[in-house]
2 protein chains.
Amino acid sequence: MSKLVYAFGGASVEGDADMLNLLGGKGANLAEMSSIGLPVPPGFTITTEVCNQYTQNNEALPEGLKNEVVSALTKVEEIIGKRFGRPENPLLVSVRSGARASMPGMMDTVLNLGLNDETVEGLATVSGDERFAYDTYRRFIQMFGDVVLGVEHYNFEDILADYKDDRGLVLDTDLGSVDWQTIVTVYLEKVEDLIGKPFPQDPYDQLWGAIAAVFASWTNERAKVYRKLHDIPEEWGTAVNVQSMVFGNMGDTSATGVCFTRNPSTGENVFYGEFLVNAQGEDVVAGIRTPQTLTIAEKKRNQSLLPAMEEVMPSIYNEICNIRKQLETHYKDMQDIEFTVQQGKLWMLQTRSGKRTAAAALKIAVDMTNAGLISKEEAICRVDPLALDQLLHPTLDPNASRHVLGKGLPASPGAASGKVCFSSLEAEAIAAKGGKAILVRIETSPEDIGGMHAAQGILTTRGGMTSHAAVVARGMGRPCVVGAGEIRVDYAQQCLFAGGQTIGQGEVITIDGTRGDVMFGAVDTIQPELTGEFGIFMGWVDEFRTMGVRTNAETPEDAKTAVKFGADGIGLCRTEHMFFDPVRIVSMREMILSSDEAGRRSALEKLLPYQREDFKKLFTIMRGLPITIRLLDPPLHEFLPAKEEELEEVAQAAGTDVIEVRARVAALHETNPMLGLRGCRLGIMYPEIYEMQCRAIFEAAVEVEKASGECVVTEVMIPLVASKEEFKILKDVVGVIAKEVEDAAGLSLNYLIGTMVELPRAALRAGEIAEEAEFFSFGTNDLTQTTFGLSRDDSGTFLGPYIQKGIFRNDPFVTIDQDGVGELLKIAAERGRASRTDLKLGICGEHGGDPESIKFCKMLGLNYVSCSPYRVPIARLACAQASLNIKEDIASA
Amino acid sequence: MSKLVYAFGGASVEGDADMLNLLGGKGANLAEMSSIGLPVPPGFTITTEVCNQYTQNNEALPEGLKNEVVSALTKVEEIIGKRFGRPENPLLVSVRSGARASMPGMMDTVLNLGLNDETVEGLATVSGDERFAYDTYRRFIQMFGDVVLGVEHYNFEDILADYKDDRGLVLDTDLGSVDWQTIVTVYLEKVEDLIGKPFPQDPYDQLWGAIAAVFASWTNERAKVYRKLHDIPEEWGTAVNVQSMVFGNMGDTSATGVCFTRNPSTGENVFYGEFLVNAQGEDVVAGIRTPQTLTIAEKKRNQSLLPAMEEVMPSIYNEICNIRKQLETHYKDMQDIEFTVQQGKLWMLQTRSGKRTAAAALKIAVDMTNAGLISKEEAICRVDPLALDQLLHPTLDPNASRHVLGKGLPASPGAASGKVCFSSLEAEAIAAKGGKAILVRIETSPEDIGGMHAAQGILTTRGGMTSHAAVVARGMGRPCVVGAGEIRVDYAQQCLFAGGQTIGQGEVITIDGTRGDVMFGAVDTIQPELTGEFGIFMGWVDEFRTMGVRTNAETPEDAKTAVKFGADGIGLCRTEHMFFDPVRIVSMREMILSSDEAGRRSALEKLLPYQREDFKKLFTIMRGLPITIRLLDPPLHEFLPAKEEELEEVAQAAGTDVIEVRARVAALHETNPMLGLRGCRLGIMYPEIYEMQCRAIFEAAVEVEKASGECVVTEVMIPLVASKEEFKILKDVVGVIAKEVEDAAGLSLNYLIGTMVELPRAALRAGEIAEEAEFFSFGTNDLTQTTFGLSRDDSGTFLGPYIQKGIFRNDPFVTIDQDGVGELLKIAAERGRASRTDLKLGICGEHGGDPESIKFCKMLGLNYVSCSPYRVPIARLACAQASLNIKEDIASA
């Protein structure tokens, strides 16, 4: 039988921080703190293995546990000089859960255990405070009754409320020692009444009951759901920590406090925290009394009138300052500390890595590295990639007041205020006059691109995290809230209804794309600054990053932003977005409405110079970095007007009549456009479209190469391929044009031809397809849609409940579903590389900017990820972390 | 070096029918015929291996071939008594291709080889017909010039046309010997002119040239495309057959004919064929002269005035009658024979299995088995399952005249005539008055079910082989043509435009669902009769069949039809079709329009009794056979009206207002309904729907069991599952209702609960899902849609070109794509069975009725296939063949 109980807090500490799995987070950390000599109230940890035995053995505590506990408790008594269950100077203990992963509030706790009708008198004597003793006793009865005996809270609350009512008392602090004594008596009667036997007076009976109850709480419903949501295995179990109680509320030489070893908001290397004299921990958190600062400097900064600890408890303050240094040196990270001073003696209750803002995380990581405390690798792993987003967008001033109208999904971070407008034209008009607009649409379509660019932010009432609005907004770095279902838009009346309010066009609203809030009026924002640390840190990131980070971009603005953010190239240039410009759309529609190839060719001829110019601009900006260009992908009907009134206009522009246009629109209608005539199917049916696009690409490359002398590296990508045959036909089309352009220019082009792998069949047939394709780019948006049979535009109605019920662990459009979609990626990567060892692999779905998905991509051995420009720094950091983590995984395997 | 040349037609035949791969079909069969002593013009076959060497070796004939050919030719000379290239009695030969699989017309042939300026004189002397000799010579020059020398046909045609013009001659038969001699001279000059050297006079030069040309034609473009389409590997190569020429046009003791050993139309065991005196083979086929019958009986039946062979060539007739018997005994199948009589001597030119109608195939197979000629196994493999369809539907009278308006896809076989009507209501009205209607729609939706039932046939202008119209029509056994794109329907004007004609409501048209034709007016049809052989044959089929055949059915009519056709159960009962009845749709819509669960439950309460009655009827019809019932699958908006004018009606019925209904319709709108809120997602969001359905199923089962005393076997199927979690949640919902019904009835239900595997993710996660699911039914329609990213409703526009270009070998909605979708099925079957060994596996997509797909299902080890009622006999036969074929494959492996 292995050891069941590990002591801490004395001279012989039996655990340490590395025993996380056996002792849980709390237990391991208490052991660690006491082993480096910090004043930790003595106690012991019952291992997680006992929890498993308890669960498996029909909720019985294992043989031998009692002996080990008794002997550990004896040690605690010796260290602290109190005796468990003895009226003279009684030892009280807390009994707490502590699992390997934090599960805040999910399991049970019992405090002040060891009190009974006799020991309460001893506590009164020792503390010199009878009121304190009886108040503590009644709290214990209440907590033990609830957790161990199953006497629900309200029983006790009712008694207390009745007592106060009868006597006209309001606050608990109005009650004196006699009051609490009376209440204790009534509590004890009530418990006996309900459970049919007296409240246990034997402290050991109390202890066994509490230990069993905490173990049992591992399998309560709440904890099970939490574990399911957070992917925590049932078999991990919880440890139980039994620790001697210390009290910060035993008079003016007692206190309790919480502090951070650095400023968690800015990362500044200053001691930062607050405390309360004669108070318990929960009083600090509850915020009823105003806490005091630790340092005089902080007190001055806050213009506080209350004295700092540095002034009122200088020796404790010195002690805690030393501990601050010791902890940072030991843990090599900013710590979040809880302490209690009991009658002039400092006790450390907890230390853990402190939560911090992105700016703080970055500054702390850089400072600690520069100070030699941590390595660059450690610094890199300390910053949450997703948190970097905070540094790249303006955010709402946290102190500003908000009048929230409704909530949607936080689709693109940052905050923006502006006048409500319901059309792109309107948004553009406002912007043209130097005004700020928020574009509000039920949903957006490619025709709204202009308006989205012009607007400060975008709000839609329909669609999910990867809806058109969300994807485009993130690409542009525009704040965006989507799927705000409580808000109703009425285009006819040009207003929106939200929170019982009607808001018309031109009225100002604010959206918070970081939280999903929609607010009335203008809410102040703060412009974040990229500090010097950002550049230093990202430099380190690139030293350890082995995967490329490209961007999804087609406009010069996006390309420039991405280059500024350190992109290694463009991983997805969606050529269709280039056709929505008002001048071009006319030719595009003329092409679509043509009844024969000759008509289409003549319309395409007009588009060629535009498209060539687009590519010239991009090639010039990217200066030799590779650019993956996807040939036309969306169904043609996306370029035709949806509204009857626009038909006339289009007919006129295309030189035909409304009946013709209507017939063509009807003929192009599709039941499921996602699965229709799009992608390479367009190229097969109308090769002239792809021919024009390839000509534009290659001619632009020639011009830019000749002008700049720099090589232009293009990767022509065929979308929606399901078979080698399709790819081969279109590869030949591309090859013919390339040859023509090469011959005309008298130079040889530097290009690859590959495909987007975005259909399950393409993944399965990757071996064959790679015989022809020189690269794969995983289009995980569409691959997720087809693998799940789940339309991202239509999943908004049930995705929420699916995640709540734990059917989906994450939104599969945000984080790759490794079990399903991921297996297809694995199959495709393996089969592709098997037939072409130097096959270039990348990912260009939304997942390319998601850290968890990036780690998976690294495991698959992809060459690069591609994401929206504003995600590039996030992806760079995630790539570096993935490299480091995987190295670590291999090392520890 | 292996043997390159195999002789036939003499005493020592070197090949036989088993040497198909080496000698090709023609060569192997000529060898076989001569080895059983039939009079075959002597010759030899150059093997397919030579073809491969020729192709690989830069189009050079291998070493040693010439020697083998010369020695084989010498043997031919000895047998036939003529000499190759000698003017006295010259031997002429044909040089023909002959691959392992038939590739009619794809490769080249040279006839009459061996003629030159000298031998033509010898031919004239021997035949006694100078005109014949020079006509033959000019034919040879023309053919050799074209095939071997690359002198295109038109060169010769121009010369002949000019010659006739100059002399005022019209028909070739107007030309005499001198004319042909002159033309030969001009032909030879023309060839020399074009190729820069004389036409080869050396017969061996001619022979080497012809052999090389035939081998070269294996890799011509036409042949390559044909092979790609028919899945014939390039490496098979073709053989070349060199055979002495025989002539049926050497006077009145010469003749040529084609015959079948039995009647290929009815299968009757009578000799059946025709011949022409003094004619060549092509004259019979060309149909310029009226052929004579072989037998007197046939002559009488045809009321022919021309004498039968039995009368004019009695001894040849006797000889050929004996050969008929010999061939049937030898080949054990009905043969299609070609023969030539040259100056009183019979020569057999070809024998092969004859093509036949389904009725004939069936009768012949049964007759031959009863005669002990073949085994039951052989009989089963002789009948094409798809051809059985001819026996189950009325068909157009092949002799009736047709005025074709347009063509569509042959979606459901059989022919039907009726009045054009453009709405279901109209069709029902016509049927109610005893009239016949053809329902013409752009596309159909579930609301059209009533009209489709009422109509004789269905025509749509949009959609593919698995569109709603096609699937439902096949299920009902209604003839149906879909996707007739040339036809335009104008609902407003209540007419259709086709073939330049306008056809209004009420005018009669005929559709041929077997060929896809749409015809004006009523075209006569013939009602096929299921002969006694059908029953006998299907009995044998079931003896050898190891896979179950179920049906997709939800109406009592369909279920009865399927039982009549021998179904082993229902593999897919789509419960949604049960809600479209006018009374029920009101409650259904009330349910959908309810804003809360209570409202939905109250509406569902009204639907319960209807649904229970539906199941009671089905259970009673199926009498203990298993029934797989799929819970509600389609998106709810399918039940709401699409047209503005219907909204009012619905609002009234549901007790709400139009604005509300319109809002709900808008809220339920989906961009890609195929990938939206449907299937189990509905069950997760609105469990009360599934609860009602399960209650209906189980209560009906209890009632029928109690009434009949027979056990009802239900299989409750959850659709569109993508994960174990979804399935588990709904399994629990089903289980709770089952328990309630069991408790109330006091008996235990016999049911399984399983899922449809129709999403790639379900296939990949099959191992996990099978931990909970007791059966899988492969929904290959949707699995094909998601694996390819291909909507069956929208693929009509490009599926045709895709098949033409060889991108798709077959329509993937008709025949399973084994490479892609098939791999997912394999993965699902393996992983599913690995976690639950007795997992029941079936298929309920359209593929369940396709023989090629059925063979694949057998290889996967499925327990059953399920198809539309009219496909049941086809599937039964395909299953039996699959069992026999696989047994054979294993035996030969």
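Draft legend 1. How the structure looks around the sheet that holds strand β28 (residues 627–630) of chain A. All names here are of chain A. Strands sit in the order β26-β27-β28-β29-β30-β31-β32-β33 around a closed barrel of 8 strands; the barrel is parallel. Each adjacent strand pair in this sheet contributes to an overall mean axis angle of 25°, direction not counted. Across 4 bridges, strand β31 (residues 775–778) lies against strand β32 (residues 840–843) in parallel orientation. Bridging from a neighbouring strand, Phe 776 pairs with Leu 841 of β32.

Draft legend 2. Spotlight on the pairing of strand β11 (residues 335–342) of chain B. Residues and elements named next belong to chain B. Counting buried residues along β11, 7 of its 8 residues qualify, which places the element largely inside the surrounding structure. Across 6 bridges, strand β8 (residues 255–260) lies against β11 in antiparallel orientation. Across the sheet, the residue bridging to Phe 260 is Asp 336, located in β11. In the sheet, β11 pairs with strand β12 (residues 345–353) via 8 bridges, with the strands oriented antiparallel. Note that in β12 the partner of Asp 336 across the bridge is Arg 352.

Draft legend 3. Here's a closer look at the relation of the copies chain B and chain A. Structural alignment of chain B on chain A gives an RMSD of 0.1 Å, achieved by rotating through 180° and translating 0.1 Å along the axis. Here the symmetry operator amounts to a two-fold rotation axis. In terms of proximity to the rotation axis, the leading residue of chain B is Asn 672 of chain B, whose C-alpha is 2.2 Å off the axis. Here 100% of the contact residues of chain B are again contact residues in chain A; the copies associate through an equivalent surface.

Draft legend 4. Focus on the packing of aromatic side chains. All names here are of chain A. What the rule picks out here adds up to 36 aromatic pairs over all chains. When the centroid spacing of 4.9 Å and the interplanar angle of 65° are considered together, the rings of Phe 156 and Tyr 187 count as edge-to-face. Residue Phe 156 is located in helix α6 (residues 153–167), and its partner Tyr 187 is located in helix α7 (residues 177–195); the two are separated by 31 residues in the primary sequence. Note on accessibility: Phe 156 and Tyr 187 belong to one class, buried.

Draft legend 5. Spatial organisation of the sheet that holds strand β28 (residues 627–630) of chain B. Residues and elements named next belong to chain B. The strand order around the closed barrel formed by 8 strands is β26-β27-β28-β29-β30-β31-β32-β33, and the pairing between neighbours is parallel. Between one strand axis and the next, the sheet turns through 25° on average, direction left out of account. As paired strands, strand β30 (residues 751–757) and strand β31 (residues 775–778) are joined by 3 bridges and run parallel to one another. The partner of Thr 755 across the bridge, within β31, is Phe 776. Along the sheet, helix α23 (residues 597–622) makes contact with β27 (570–574), β28 and β29 (714–718), crossing β28 at roughly 160°. Where helix α33 (residues 821–835) meets the sheet, its contacts fall on β30, β31 and β32 (840–843), and the angle it forms with β31 comes to roughly 175°.

Draft legend 6. Representation of the confidence of the model for chain A within the structure. When pLDDT is averaged along chain A, the result is 91, and 97% of the positions lie at 70 or above. Here the predicted complex scores 0.79 on pTM and 0.79 on ipTM.

Draft legend 7. View of the interface of chain B and chain A. Between chain B and chain A, the contact holds 48 residues from the first and 49 residues from the second. Around 4400 Å² of area is buried between chain B and chain A when both sides are counted, 57% of it from carbon and sulfur atoms. For Arg 765 of chain A, the salt bridge goes to Asp 819 of chain B, with nearest N and O atoms at 4.0 Å. The interface formed by chain B and chain A contains 24 residue pairs in polar contact (both at pLDDT 80 or more). Elements that contribute at least two residues to the side of chain B that touches chain A include exactly α26 (680–685), α28 (724–745), α29 (760–764), α31 (780–788), α32 (796–804) and α33 of chain B. Tallied by class, the residues present in the side of chain B that touches chain A amount to 20 nonpolar, 13 polar and 15 charged.

Draft legend 8. View of the pairing of β29 of chain B. All names here are of chain B. Burial analysis of β29 places 5 of its 5 residues in the buried class, which makes it a mostly covered element. Along β29, one buried face is formed by Thr 714, Val 716 and Ile 718 and the opposite face, lined by Glu 715 and Met 717, is buried too. In the sheet, β28 pairs with β29 via 4 bridges, with the strands oriented parallel. By the bridge assignment, Thr 628 is partnered in β29 with Glu 715. Of the strand pairs in this sheet, β29 and β30 are connected by 5 bridges, and their pairing is parallel. From the neighbouring strand, Met 717 faces β30, where its bridge partner is Gly 754.

Cut-offs used in this document
- Residues numbered from 1 in each chain as written.
- Chains lettered and ligands numbered in written order.
- Predicted model: local features only at pLDDT ≥ 70, side-chain atom pairs only at ≥ 80, totals over all residues.
- Heavy atoms only, no water.
- Pairing = 2+ DSSP bridges.
- Helix = DSSP H or I, 4+ residues; strand = E, 2+ residues; numbered from the N terminus.
- Axes fitted to C-alpha atoms, helices over the stretch in contact; angles between N-to-C directions.
- Buried < 20%, exposed > 50% of the residue type's maximum accessible area, 1.4 Å probe, protein only.
- Least-squares fit on C-alpha atoms with pLDDT ≥ 70 in both.
- Contact = heavy atoms within 4.5 Å.
- Phe/Tyr/Trp six-rings, centres within 6.5 Å; stacked < 30°, edge-to-face > 60°.
- pLDDT = per-residue confidence, 0-100.
- Buried area = accessible area lost by both parts, 1.4 Å probe.
- Salt bridge = Lys/Arg side-chain N within 4 Å of Asp/Glu carboxyl O.
- Polar contact = N/O pair within 3.5 Å; in protein donor to acceptor, adjacent residues only side chain to side chain.
- Nonpolar A, V, L, I, M, F, W, Y, C, P; charged D, E, K, R; others polar.

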